[in-house]
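Each chain, written out:
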Amino acid sequence: WMKIKQNGEEDNKNDDYLEYKILVLGEKMVGKSSICTRFAMNEFNLEIKPSTQCECYPKTVKLFEELIKVYLIDVSSDSIKNPNSYLYTNVKGAVLVYDITKTKTFEKIDDWAKEITDKVEKPIPVMLLGNKNDLKFLRNVDEEEAKEKAVSLKCDVRESSCVDEKGIQECIKYLIAKIYYEDLPEDKKEHYKEIVAKENNANANNTVPTQDNTNSNNN
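Residues numbered from 1 in each chain as written. Predicted model: local features only at pLDDT ≥ 70, side-chain atom pairs only at ≥ 80, totals over all residues. Heavy atoms only, no water.

## Overview of the overall build of the protein
For the protein, the count of helices and strands is seven helices and eight strands. Considering the protein as a whole, with its 219 residues, one finds that 52% of them fall into the buried category. In the protein, the proportion of contacts linking residues at least 24 apart, taken out of those at least 6 apart, comes to 75%. With an accessible surface of roughly 11,800 Å², the protein has 46% of that area assigned to carbon and sulfur atoms. (Helix = DSSP H or I, 4+ residues; strand = E, 2+ residues; numbered from the N terminus. Buried < 20%, exposed > 50% of the residue type's maximum accessible area, 1.4 Å probe, protein only. Contact = heavy atoms within 4.5 Å. Areas by Shrake-Rupley, 256 points an atom, 1.4 Å probe, with all protein chains shown as cover.)

## Describing the pattern of salt bridges
In the structure shown here, the tally under the stated rule is nine salt bridges. A salt bridge links R139 to E159; the nearest nitrogen and oxygen atoms lie 2.8 Å apart. Highlighted residues: R139 in the loop between β6 (126-131) and α4 (143-153) and E159 in strand β7 (residues 156-159), separated in sequence by 20 residues. With relative accessibility at 16%, the residue E159 sits in the buried group. (Salt bridge = Lys/Arg side-chain N within 4 Å of Asp/Glu carboxyl O.)

## Regarding unusual backbone geometry
Here the phi dihedral of N42 falls at roughly 55°; this positive angle occurs in a residue that is not glycine. By the secondary structure assignment, N42 is in the loop between α1 (32-41) and β3 (54-63). With phi around 70°, K132 is a residue other than glycine that occupies positive phi space. Here K132 lies in the loop between β6 and α4.

## Let's talk about the state of the cysteines
Throughout the structure, instances matching the rule amount to zero disulfides. The thiol of C162 is unpaired, and the distance to the nearest cysteine sulfur, on C36, comes to 8.9 Å. (Disulfide = S-S within 2.5 Å.)

## Some thoughts on a negative patch on the surface
A grouping of E107, D142, E143, E145 and E148 is seen on the molecular surface, where their side chains present a negatively charged patch. Within the secondary structure layout, E143 lies in helix α4. Taking relative accessible area as the criterion, E143 reaches 42% and is therefore assigned partly exposed. (Patch = residues over 30% accessible without salt bridge, like charges linked within 9 Å, V, L, I, M, F, W, Y side chains within 5 Å. Lys, Arg positive; Asp, Glu negative; His and termini not counted. Charge placed at Lys NZ, Arg CZ, Asp CG, Glu CD.)

What follows is the structure in structure tokens.
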């Protein structure tokens, strides 16, 4: 039910790896495949075709001296109709994507958020991501409206573009940091609280707490 998209990194088996499965959900043509490709392979292709099935994009990142194997899952609309799908098992986080130039894709965010709350075993960190902000001159979804939606969904919100080399990387890596923090024992959270809080202002200072650990040219 899912294809694996390899990004050229060596898949070395290591018991010390953490593994994070992150779902990327949204309407067709919002750029989910481009987001996954930009994150995992640091590539952008205007000719990319919409996914007809779930596709998995693996990438290893280093966070706070931890090696984390991230599996970014590009979720197709058809796959969620399969009642026997293992799509929602062991999910650590989710990205809800809309196109800032298409109001209808934003209006559907509540439906995708409901997919998460209904089918994932427990609450997970979620990011609301407005894609294609390189097309701000065609904007139809106001930033303040997106912020209000994020408040109602109790999640973070970002805008970015797959045209930008760093934007998508920063958004996904911030979500990885949130997942890592949420998984920490309570007695260890205090140590990272200030660091993670600073990352909530990543758009302002343009920094993230992770670095790539791949053998491909993803820097």
